[in-house]
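Structural characterization, general
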Amino acid sequence: MLHHSAGRAASGLRTPARRRVWAAVTAALALTALGLPALAPGGATASSHREAPTIAGFPQYDNTDVYAFVSPDKPDSVTLMANWIPFEEPAGGPNFYPFATDARYEINVDNNGDAQRDVTYRWQFTSSYASKDTFLHNTGPVTSLADPDLNFWQSYQLQEIQWGPNGQQTGVKQLAKQLPVAPSFVGKASMPDYAALRNRAVKSLPGDVKSFAGQADDPFFLDLRIFDVLYGGDLSEVGNDTLAPYNVNTLALQLPKSRLTRGGEPVIGVWSTTSRKNSSGEYVQVSRLGMPLVNEVVVPIRDKDRFNASQPAGDGQFLKYVTEPEVPRLIEKVYKIKAPATPRQDLVQAFLTGVPGLNQPQNVTPSEQLRLNTSIAPSASPKRLGVLDGDKAGFPNGRRLTDDVVDITLQVAEGELVNAPNDLGDAVDANNTPFGRSFPYVALPTSGSDTRAGGTPSQGSSQPPATQAAPADPSTSPSMLTGGAGNPTPSPAANASETGMTDLLPLGSAVGGAALLAFGAAWLWRKRRTS
């Protein structure tokens, strides 16, 4: 047995509830098997931080993560969120990090399971300067979004687009025009009360909709040294939240559930896309992201760019990368942990269809999307391992900011659903800064004036820094070897109501795509717990 991860009830996973989960997963596999043949080779999916050769050179268009969850403080609504521009160095002036003005940033929703978008929310941005006779982003302290000392600013328009069954556009509604973007957090001398500036960029729109666009702390937490051939084959540097000092640009919407669902079907599929205008004036899709880490560690280099240009309906062309995943083979090679037998139907199905009884639409066409059952109430005490730990409101049923998708996918990739129970993890169990308790939930960005003693990662600026696992000797650091256990920072985003989780959840699925990403961490878990 592999090491046990903190945050998961020690007795809750190998019990009858766990077995029920297995039963559900088995059912899911069977259904998936029926659906897969219908998949036609085509284009496909997701992205992450600089995950594909082309998009790595164009960070303004690069999706980094997608989130979808029932709002914990407003359970009759759903929050949709996507981030762009990875690895924003907080002091990276003088131009900092604007959204591209020749791009369409979109969050797409499939509300009938047919792998086609039914609703799209589209953002487009405009840039403005007060003066181009200075090199400065701001010419003095900025105390409001209309402050004359803010030399550069952006605004945006937001549209809601309806699509017909054949992909034709059937309606466009302008939700907002010229809304302000929260600026990059230049530094405390320039923006002494950044929280106040950010709050002014949170806007209430007609129809009980809220919108936010602006910079935020990167909410994704993990140890990225996995790409150094799985930590160089030893455990010397695990547990470091590599993204802790960096920011991203966030687009977030909070909408009534009734605005996203259709015909009594509570499950929605969500993914983001970026399209860039070419020399002919046409918009061409250059990035796509639904489930985390799919294009990053599942799809090989040869198909990564194609994946970013594809649509969910064409995801069948990447099926072999899920059934014959590279990550478990690599882990076996480096750490001698035997990879589960292939083909990995346990990963595919879930990943393409959602889990029966949890987040699988009634009439589902297999495709890679982040699927959310909007009828499941938010949890009052979210668990970082989500469904895997009995918390049905968490990943892979949508994705909350606090969900530890790396550990979840790693455990599934290494055979959690195929008789190889484990508690693997990367020893990074929570974000370095707490999340907010209300919309837009993301933490404030790290300030450009934050100090970095000895070059160590900043702990964030505007929010109290949280404990971050530090590199340690794997032989003496229990947290590292236990799936990151440490003492995860409590997630504030949590106010929701608790769903007692007694019953399992076929988590099988979700995990699917992401699973692969476990990639780096896997090795970590090599250490097995005495059973």
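Just so you know, these numbers come straight off a predicted model, no measurement behind them. (Residues numbered from 1 in each chain as written. Predicted model: local features only at pLDDT ≥ 70, side-chain atom pairs only at ≥ 80, totals over all residues. Heavy atoms only, no water.)

**Re the packing of aromatic side chains**
One pair of aromatic rings is described through two measures. These are the centre distance and the angle between the planes. We count it as follows: Pairing of aromatic rings covers Phe, Tyr and Trp, the last counted by its six-membered ring, and requires centre-to-centre distances within 6.5 Å; plane angles under 30 degrees mean stacked, over 60 mean edge-to-face, and any other angle means tilted. Here a strand is any run of E in DSSP of at least two residues, a helix any run of H or I of at least four, and the numbering for each starts at the N terminus. Summary of the burial criterion: residues with accessible area below 20% of their type's maximum are buried, those above 50% are exposed, and those between are partly exposed, where the area comes from a 1.4 Å probe applied to protein chains only. Criterion for a charge above a ring: Lys NZ or Arg CZ within 6 Å of the ring centre, and within 35 degrees of the ring normal.
Going through the model one piece at a time under the given rule, you end up with 12 aromatic pairs. Consider the rings of Y129 and F152, whose centres lie 5.0 Å apart with planes at 55°: the pair is tilted. Highlighted residues: Y129 in strand β4 (residues 119-129) and F152 in strand β5 (residues 152-163), separated in sequence by 23 residues. On the basis of relative accessibility, which here comes to 42%, the residue Y129 falls in the partly exposed class. With centroids separated by 4.4 Å and ring planes inclined at 15°, the aromatic side chains of F185 and Y194 adopt a geometry described as stacked. Note on Y194: relative accessible area 3%, which makes it buried. The structure contains a cluster of three or more aromatic residues connected by ring pairs, namely W84, F99, Y105, F125 and Y156. If you follow R117 out to its NZ or CZ, it ends over the ring of W163, 3.7 Å from the centre. In this structure, R198 packs its charged tip against the face of F212, placed 5.4 Å from the ring centre.

**Some details on the pattern of salt bridges**
Opposite charge on two side chains permits them to pair, given that their charged atoms come into close proximity. Short version of the rule: Take a side-chain nitrogen of Lys or Arg and a carboxyl oxygen of Asp or Glu: if they are within 4 Å of each other, that pair is a salt bridge.
Here the structure, examined in full by the defined rule, presents 16 salt bridges. D76 is the partner of K74 in a salt bridge, and the nearest nitrogen-oxygen pair spans 3.4 Å. D76 sits in the partly exposed class, given a relative accessible area of 46%. K188 is the salt-bridge partner of D450, the closest N and O atoms lying 3.5 Å from each other. You can see D450 sitting in the loop between α10 (405-413) and α11 (478-481) and its partner K188 sitting in the loop between β6 (169-180) and α2 (194-200), a full 262 residues away along the chain. Taken together, the shared-partner salt bridges connect R384, D404, D407 and D429 into one network.

**Section: the sheet that holds strand β8 (residues 209-217)**
What counts, and what does not: Strands qualify as paired when DSSP identifies two bridges or more between them. Only the stretch in contact is used when a helix axis is fitted, and all axes are lines through C-alpha atoms; the angle between N-to-C directions ranges over 0 to 180 degrees.
Across the sheet, which stays open at both edges, the 5 strands sit in the order β1-β2-β9-β8-β7 with antiparallel pairing between neighbours. Strands with a single pairing partner mark the edges of an open sheet, and in this sheet they are β1 (63-70) and β7 (203-205). Direction aside, neighbouring strands of the sheet carry axes that sit 15° apart on average. Relative to strand β9 (residues 247-256), strand β2 (residues 77-88) runs antiparallel, the two being bridged by 9 bridges. Each residue of the ladder has a partner; that of L80, found in β9, is L253.

**Considering the side chain of S379**
Among the structural elements, S379 can be located in the loop between β12 (370-373) and α10. By relative accessible area, which is 3% here, S379 ends up buried.

**Focus: empty space enclosed by the protein**
Take a probe with the size of a water molecule and roll it over the atoms, and the empty space left behind shows itself. For clarity, the cut-off: In this analysis a 1.4 Å probe is tested at points of a 1 Å grid over the protein atoms alone, and where it fits but cannot get out there is a cavity; an open set with protein on both sides within 12 Å along at least five of seven lines is a pocket; lining residues have an atom within 4 Å of a point. Grid points are joined across faces, edges and corners, and a volume is the space filled by probe spheres set on the points. Note on residue classes: Ala, Val, Leu, Ile, Met, Phe, Trp, Tyr, Cys and Pro are nonpolar, Asp, Glu, Lys and Arg are charged, and everything else, Gly too, is polar.
Inspection of the entire model under this criterion finds 4 cavities of 30 Å³ or more. Its boundaries defined by the atoms lining it, the second largest cavity holds a volume of some 130 Å³. Taken together, 16 residues line the second largest cavity, and the ones lying closest to its centre are Q154, V181, A182, P183 and S184. Looking at the lining of the second largest cavity, the elements that each hand over two or more residues are β5 and β8. Looking at the lining of the second largest cavity, its residues break down into 9 nonpolar, 7 polar and no charged.

**Notes on the nonpolar core**
What counts here: What we call a nonpolar core is a set of buried Ala, Val, Leu, Ile, Met, Phe, Trp, Tyr and Cys residues that are connected through their side-chain atoms within 4.5 Å. Whether two residues are in contact is decided by their heavy atoms, any of which lying within 4.5 Å being enough.
In terms of nonpolar packing, the biggest core is built from 92 residues, with L80, Y105, Y121, W123, F125 and L158 touching the most fellow members. Broken down by element, the residue count for this core peaks at 6 residues, all from β2. Ignoring sequence-local partners within four residues, the contact set of W123 consists of A103, R104, Y105, E106, I107, Y156, Q157, L158, S211, L251 and L253. Among the nonpolar cores identified, the runner-up in size contains 5 residues, and V355, L358, V387 and A393 belong to it.

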